[in-house]
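Results of the structural survey
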Amino acid sequence: MIFAFLRIVGIVFYSVGILLSPLFNFFVDIKKRTLPKITSNLLNIPAIELAKQIRTQEIKSEQVVRAYIHRIKEVDPYLNAVVDDRFEEAIEDAKKVDLICSKAKDKDELMSKYPLLGVPFTVKEACGLKGMSQVIGNHYRKGMRCQEDSEVVKRVKSKGAIPLLVSANPEFCLSWETTSVVHGRCYNPYNMVRTSGGSSGGEGALNGSGASVFGVASDLSGSIRFPALFNGIFGHKPTGTLISIKGHFPCVRDPNFDKLLQIGPITRFAGDLPILMDIFAGEDAAKMPYSQVSELKDLNVFFCDHSWSFHHLPVHSDIRNSISKALDHFRRNGSTVQRLDIKEFDDSIGITYATLMTQERPPNALMDPKNPDKYVSPSKEMLKFFLRQSDHSFPAIFFHFMYELSENIPQSFLQHYLKEKKNMQDKLSLKLGTNGVLLYPTFHCPAFLHNTSAFQTMGTMYSGLFNMIGFPATHVPMGLNKNGLPIGFQVVAAPFQDRLCFQIAKELETSFGGWVPPS
């Protein structure tokens, strides 16, 4: 009954949001609407190829770094995606790389030690880059800087890559659109009146606009995959526990939290996903077996598109059509294609709530760390927000309001849905095996209008479910719709079959074109 009530509230809330969204968007100030076009060919080269050309001195790392810095400076006045940069330091790093390459006699050894040597990259602010801002959109944390690289950033830097900046995220990463009272709003490169997504919205906007080779991002409930969808790029949420989350903020001390939160890559190039994940995972990359699918005829493709359901927001026809196009491609190439009906899909809202409510409570964005014993009421803070008296963003307040509302759910309900979660994990693992993938909506619609994320809450269940059960999922772009907005879906595989996700992503990129530059 409780979750049925929440579903009804969610659907009503969504319907109201659809009606009122133009009014909410009226308050967004849009002065510049069209991004400058990409003019440097260096910006269209994948990371693997860039590293090769830098090693062999066909191009210089300094050229590449300067080209990306120029592009970032060109597009950020439109996007507001950059929180803090280290451009001058990055140019000096690139000069050192070029010197190393000029003296190196064994290029193969250089590739083995430093497979990303001289390649620039960007980092979501929450993912932790030493010396850079780590405010995370919260006014209590103004001026705070990251004291140490996160484990993943450390690994990427150790392979020769050069960090350029940290990018925008919403307050405490608690929204699927990127806006905060500290940094302001991040815009979508394809349509400025639409969101770039969240919580990795800065990375999504930079990568989608061709201003980053790849980004280090994080995903708790779709936070890599939503921006990947909205900005037309690839984004991977790894298998739960595969990637270290050490150094990420916010985080909790619960040792099981890395089953839900994962750090992963976001990029325009599907071919870069395997090497990026090998580096992100470190020694744990050995847990990812190489794909056993040598030909598409050996592949089992399952799909589920939820055109309408009492348990889900309706999936936009453009998203459903993109799945249909992919299914037709796999049928033509001999893959076995079938609809997947697992009743636990309909319990995704219950599974999500039960999983989150049995974890340690996340850090409270509304609480002053200097006065931790002082309780802050989300209801009162929401009233202050509407009176323009709050120092917090609406999504952060709304999250804590919903969290407190959910604390009254009886333990019996939570245990029921945790059992359903285990049933789903077992059924889906058995179905997918080592040669099966599920094509599933990443979100119910393309990028939505600013200020309307609260109305889209139930749409997050499409991606968030796979955080809760720990399965890997890669968002795959499938071009633009008639309104010029990116569309696509996620490819889901069994735990630790991340490489199979990448194989399918690359197949679809080759067949359908992948990332399309904004124009």
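Before any of the text, the structure's been laid out above.
Quick caveat: nothing in here was measured; it's all calculated off a predicted structure.

Let us now look at the overall build of the protein chain. Counting secondary structure elements, the protein chain contains 16 helices and 15 strands. The principal-axis extents of the C-alpha atoms in the protein chain amount to approximately 70 × 55 × 45 Å. Evaluated residue by residue, the protein chain yields a buried proportion of 59% over its 519 residues. Contacts in the protein chain between residues at least 24 apart in sequence constitute 78% of all its contacts with a sequence separation of at least 6. A distance of 2 Å separates the average location of the 57 positive side-chain charges in the protein chain from that of its 51 negative side-chain charges.

Structurally, Ser-175 is set in the loop between β3 (162-167) and β4 (179-180). A polar contact of 3.1 Å, which involves the side chain of Ser-175, links it to the backbone oxygen of Glu-177. Sequence-distant contacts of Ser-175, that is, excluding residues within four places in its chain, are made with Pro-170, Gly-198, Ser-199, Pro-395 and Ser-453.

Bringing the pattern of salt bridges into the picture now. Scanning the model with the defined rule gives 24 salt bridges in all. Close ionic contact of Lys-506 with Glu-509 constitutes a salt bridge, the shortest N to O distance being 3.1 Å. Separated by three residues within a single helix, Lys-506 and Glu-509 lie in helix α16 (residues 498-512), roughly one turn from each other. Three or more residues are tied together by salt bridges with common partners; here these are Lys-343, Glu-344, Glu-420 and Lys-427.

Here the focus is the environment of Val-491. Counting through the fold element by element, Val-491 comes out in strand β15 (residues 486-492). Take Val-491: its relative accessible area is 0%, and that puts it in the buried class. In this structure, the C-alpha to C-alpha distance between Val-491 and Glu-89, residues 402 residues apart in sequence, is 38 Å. Setting aside residues up to four positions removed in sequence, Val-491 forms contacts with Val-437, Leu-438, Leu-439, Pro-472, Ala-473, Thr-474, Val-476, Cys-501, Ile-504 and Leu-508.

Further remarks concern helix α13 (residues 394-406). For α13, with 13 residues, the first-to-last C-alpha span of 18 Å sits near the 18 Å given by 1.5 Å per residue. Listed as buried for α13 are Pro-395, Ala-396, Ile-397, Phe-398, His-400, Tyr-403 and Ser-406.

A few words now on the side chain of Glu-420. By the element assignment, Glu-420 lies in helix α14 (residues 411-432). We classify Glu-420 as buried; its relative accessible area is 8%. With residues up to four places along the chain from it excluded, the contact list for Glu-420 reads Lys-343, Glu-344, Asp-347 and Ile-351.

All right, on to the packing of aromatic side chains then. Under the criterion given, the structure shown has 14 aromatic pairs. Ring geometry for Phe-230 against Phe-443: centres 5.6 Å apart, planes inclined by 80 degrees, an arrangement best described as edge-to-face. Taken as a pair, Phe-230 in helix α8 (residues 225-230) and Phe-443 in the loop between β13 (436-440) and α15 (461-469) lie far apart in primary sequence, 213 residues in all. Here the two residues Phe-230 and Phe-443 agree in accessibility, since each one is buried. One aromatic cluster is present, built from ring pairs that chain together Phe-226, Phe-230, Phe-443 and Phe-448.

Thresholds, definitions, all that
Sequence positions are assigned chain by chain, starting from 1 and proceeding in written order. Whole-chain, interface and lining totals are the exception, using all residues; otherwise, since this is a predicted model, local features are given only for residues with pLDDT of at least 70 and side-chain atom pairs are given and counted only at 80 or more. Excluding hydrogens and water, the side-chain figures rest on all heavy atoms present in the structure. The helix count covers DSSP runs of H or I at least four residues long, the strand count covers runs of E at least two residues long, and both are numbered beginning at the N terminus. To sort residues, take the accessible area from a 1.4 Å probe on protein chains only and compare it with the maximum for the residue type: under 20% means buried, over 50% means exposed, and anything in between is partly exposed. Note on contacts: a residue pair qualifies if any of its non-hydrogen atoms lie within 4.5 Å across the two residues. His is not counted, nor are the chain ends; Lys and Arg add positive charge and Asp and Glu add negative charge. Where a charge lies is defined by one atom per residue type: Lys uses NZ, Arg uses CZ, Asp uses CG and Glu uses CD. Each polar contact in these results corresponds to two N or O atoms within 3.5 Å; when the atoms are within protein, one needs to be able to donate a hydrogen and the other to accept it, and residues that are neighboring in sequence are counted only if both atoms are side-chain atoms. One speaks of a salt bridge when a side-chain nitrogen belonging to Lys or Arg is within 4 Å of a carboxyl oxygen belonging to Asp or Glu. Expected helix span is computed as 1.5 Å times (number of residues minus one). Between 30 and 60 degrees the pair is tilted, below 30 it is stacked and above 60 it is edge-to-face, where a pair is any two Phe, Tyr or Trp rings, Trp via its six-membered ring, whose centres lie within 6.5 Å.

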